[in-house]
Amino acid sequence: MTMTTSAGELRRRRAAVIADGSLQGRASCRALAGVTDQWLAERFTEVTAGLGRRAALVAVGGYGRAELAPGSDLDLWLVHDGRPGADLTELAEALWYPVWDAGLKLGHAVCTLRQGLALAAGGLDTATATLTARSVAGDATLAVELREAAAAQWRKRSSRWLAELGRRVAERHERAGEVAFLLEPNLKEGRGGLRDVHALEWAQAARPVLLNGDAAALTAAEETLLAARVELHRLTGRANDELLLERQDEVAAALGDIDADALMARVAGAARTVAWTADEVWRRLSSSLAGPLGRLSRRDHRVGPGLVLRDGEVHVERDVDITADPAVVLRAAAVAAQSGVPIDRSSLDRLAEDAPVLDSDWPEGCRAALVDLLASGHAAVNVLEALDQRDLLHRVLPEWEPTRSKPQRNAYHRFTVDRHLCETAANAAGLSSRVDRPDLLLVGAWLHDLGKGYPGDHTEVGMELMATVAPRMGFGTDDTSTLVAMVRHHLLLPDVATRRDLADDDVIHGVAEAVGSLSTLDLLAALTEADSLATGPSAWGSWKAGLVAQLVERVAHVLRGGEAQDLRGDGFPGDVVRRLMAGTATVVEGDGEVLTVVAPDRPGLFSRVAGALALKGLAVRSADAASRDGRAASQFRVEAGPGGFEWDDVTATVRRALAGRLALDARLAERSRTTRRASPGASLLATPRVRIDNSASGSSTVVEVRAPDRIGVLYRVTAALAELDLDIRLAKVATLGSEVIDTFYVTTSEGAKVVDRADVGELERAVAHSLTR
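Residues numbered from 1 in each chain as written. Predicted model: local features only at pLDDT ≥ 70, side-chain atom pairs only at ≥ 80, totals over all residues. Heavy atoms only, no water.

(A) Up close: the pairing of strand 11 (residues 631-639). Counting buried positions along strand 11 gives seven out of nine residues, so the element sits mostly inside the fold. Here strand 9 (residues 594-600) pairs with strand 11 via seven bridges, running antiparallel. The residue bridging Ala599 from the neighbouring strand is Ala632, located in strand 11. Remark: two residues form the turn of the hairpin made by strand 10 (residues 619-628) and strand 11, two consecutive strands paired antiparallel; Asp629 in that turn has positive phi of roughly 50°. (Buried < 20%, exposed > 50% of the residue type's maximum accessible area, 1.4 Å probe, protein only. Helix = DSSP H or I, 4+ residues; strand = E, 2+ residues; numbered from the N terminus. Pairing = 2+ DSSP bridges.)

Spelled out as structure tokens, the structure:
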């Protein structure tokens, strides 16, 4: 082995390309493939001298595409003509071992053309790998023959392979999730990722499946995803395709994005283009693979003015003047969603070419068509995505543009802003029977977070936008006021329900005054549920739903002319607690996901229970606490890790903590050092915030805490309150994604508020310090 063909030389050449920050995306991949090719060609020439037979070193798979990211594997075949000659085993090992010594992962084979084609016939992975066979060294005609024969074999067996490929794609999506919407997406394997681009290329090699403009759109999207992948490999030095939060700022800087939000918006936009194109292709393929029985009738069915249903798609008739009939965009979308079918691509392209921007008063029929579209529920989401892929949502609503693919980079929100709005409207469609104005619910749900696309407070900006958009759509003054109120108060009910004392009459009257009418209350209640369901799994559950329902019931009673105290409860969480309060013994009971504790009231009671739960590895997702007549009651809704838990073990630990027989501080500090909780959104959260409010309650000081979720955070906060000899009269504890949002109603040991300025300062200092420990 010469110096120029040593493993060290291969490492050196590759390292020089990887370190060159001026090379990005596809250019970097090709440059890395180029220097790898060069080294392999030199090595091949050295070890095959005097071989006496036709042989070629052939790159397949990603290397065959010259798509080598820094962490990519090499897939190489040594292809020969099969004639007798020198033993190829030693020759192959002389090629492979320096590659391994250079630290690269290598897939390899030694075969004749016939053997290679037999391998390709035996499995999908090999069949697709040979489609990109490329000569690296030796007899290039062997590589050409292999690629052409493999392609012919692929086309001949396309029905079998495409059916299997479609199944594989669906399974992969289920495992890896969506690149566009995951907080930490897998750029290669996720839905809309690079592997989907490859799958479309393989499908195209079998039969023409891409329509006009698809190839160019996929190339642009692939470049965005590939550039992010290359930089991720470059920064980490590993073949990791999951774009973790902690790396997003670095990748953004390397690619010239202003910040990680800008990067992730580009990634989301690219992934959505890939996913939408793939969905279209696989839908068409599934129909063709089903054979004649699976194909729909070509007979036209008129479904509206200028619209026909043909072959399971909505078509805009050729004689429709789209510029003179701007409502046809929304009419076609509404019919497609109601029928559960897409708009055909040629019609979409015509609409994209000719549809005007609706930046003034909407023509007749537009608003009704929009409401019909949104009323279709989740069927509307894919249709709205199709409109957006052809820039038609921007034509319908120019204010939509800044929300497109805008990320919400926290573990609480699972969708980009624009997709969240569409999902909220889809959820609202299922709740429309609860309100007397479904049209206001649907439009309000679709636009409630429109302000997130703009600088400033998203609620205030959203109100201004709604005040402009609603009249343009044709809503009157009163309806516009209601829609603006929905934006203004879209967080009112969940915030009050989860952070305020619902037994406080002033709280109920305050909400009633803000809402103003039963009709608006019903709209806000439905919007709250639709919005929460669209936000993510931690945003809506039985606990939150129950609190919101309780709040709505009390506010509705006041709006009907009743008094808040008529429906006031006793402040204790749950019927179980109310029964237990009648006794005198300490009770610690676990049932399902809920721990109930009733005991003589004393400072530190709540914190000891919280500490015991943290010690057992249980995350507190919500909690309520209240006290009266020397007795304290609390309920904790918990979530276990993958290993689960046993209530007998947990309740025994809680009893030991209540009895003062556990060194909670020391044990939790040790657990924090040895346990790393997966909390991807925590790194994005600002400095923990503490707010002391003496105006929110007539009898208690309200302490509001927002902080990253960490092991024992609830214990530390409540222990700080106990250190100041404060009683927790009520606690509202919630974990939203990777953030805790806790509210505590506290009083002094004399039952008074904390009002002295120095005492308030100490309270704020103690709680803030507890969040940094």
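(B) Local environment of the pattern of salt bridges. Inspection of every chain in the model, using the stated rule, returns 52 salt bridges. A salt bridge links Asp125 to Arg168; the shortest N-O distance between them is 2.9 Å. Of this pair, Asp125 sits in helix 6 (residues 124-129) while Arg168 sits in helix 8 (residues 158-176), and the two are 43 residues apart along the sequence. Of the charged contacts, one joins Arg437 and Asp479 as a salt bridge, the two residues approaching to 3.0 Å between their closest N and O atoms. A residue pair is termed long-range when its members are at least 10 positions apart, and Arg437 in the loop between helix 18 (417-429) and helix 19 (438-447) and Asp479 in helix 21 (residues 477-488) qualify at 42 residues. For Arg437, a relative accessible area of 25% gives the class partly exposed. A network of salt bridges, in which partner residues are shared, links Arg272, Glu385, Asp388, Asp391, Glu401, Arg404 and Asp418. (Salt bridge = Lys/Arg side-chain N within 4 Å of Asp/Glu carboxyl O.)

(C) Molecular detail of the environment of Ser360. Along the chain, Ser360 turns up in the loop between helix 14 (345-354) and helix 15 (366-375). By relative accessible area, which is 45% here, Ser360 ends up partly exposed. In this structure, the C-alpha to C-alpha distance between Ser360 and Leu397, residues 37 residues apart in sequence, is 10.0 Å.

(D) View of the nonpolar core. If you look at the biggest cluster of nonpolar residues, it comprises 71 residues, and the most contacted ones within it are Leu373, Trp400, Trp446, Leu447 and Met473. Ranked by the residues each element gives to this core, the list is headed by helix 13 (residues 328-339), at nine residues. With residues near it in sequence (within four places) discarded, Leu373 still touches Leu330, Ala333, Ala334, Ala337, Ala380, Val383 and Leu384. (Core = buried A, V, L, I, M, F, W, Y, C linked by side-chain atoms within 4.5 Å. Contact = heavy atoms within 4.5 Å.)

(E) Quick look at the packing of helix 23 (residues 505-515) against helix 25 (residues 542-559). Between helix 23 and helix 25, the least distance of the axes is 9 Å, while the angle of their chain directions is 70°. One way to sum up the angle between helix 23 and helix 25 is to call them roughly perpendicular. Crossing of helix 23 against helix 25: the hand is right-handed. Every residue of helix 25 that contacts helix 23 at Asp505, Ile508, His509, Val511, Ala512 and Val515 is listed here: Leu551, Arg554, Val555, Val558 and Leu559. In terms of residue class, the contact of helix 23 with helix 25 is made up of eight nonpolar, one polar and two charged. (Axes fitted to C-alpha atoms, helices over the stretch in contact; angles between N-to-C directions. Parallel < 35°, antiparallel > 145°, perpendicular 65-115°, else oblique. Left-handed = near helix turned anticlockwise from the far one by under 90°. Nonpolar A, V, L, I, M, F, W, Y, C, P; charged D, E, K, R; others polar.)

(F) Fine view of the side chain of Thr130. By the element assignment, Thr130 lies in the loop between helix 6 and strand 4 (134-138). Leave out the neighbours within four places in its chain, and Thr130 touches Trp77, Ala120, Arg147 and Ala150.

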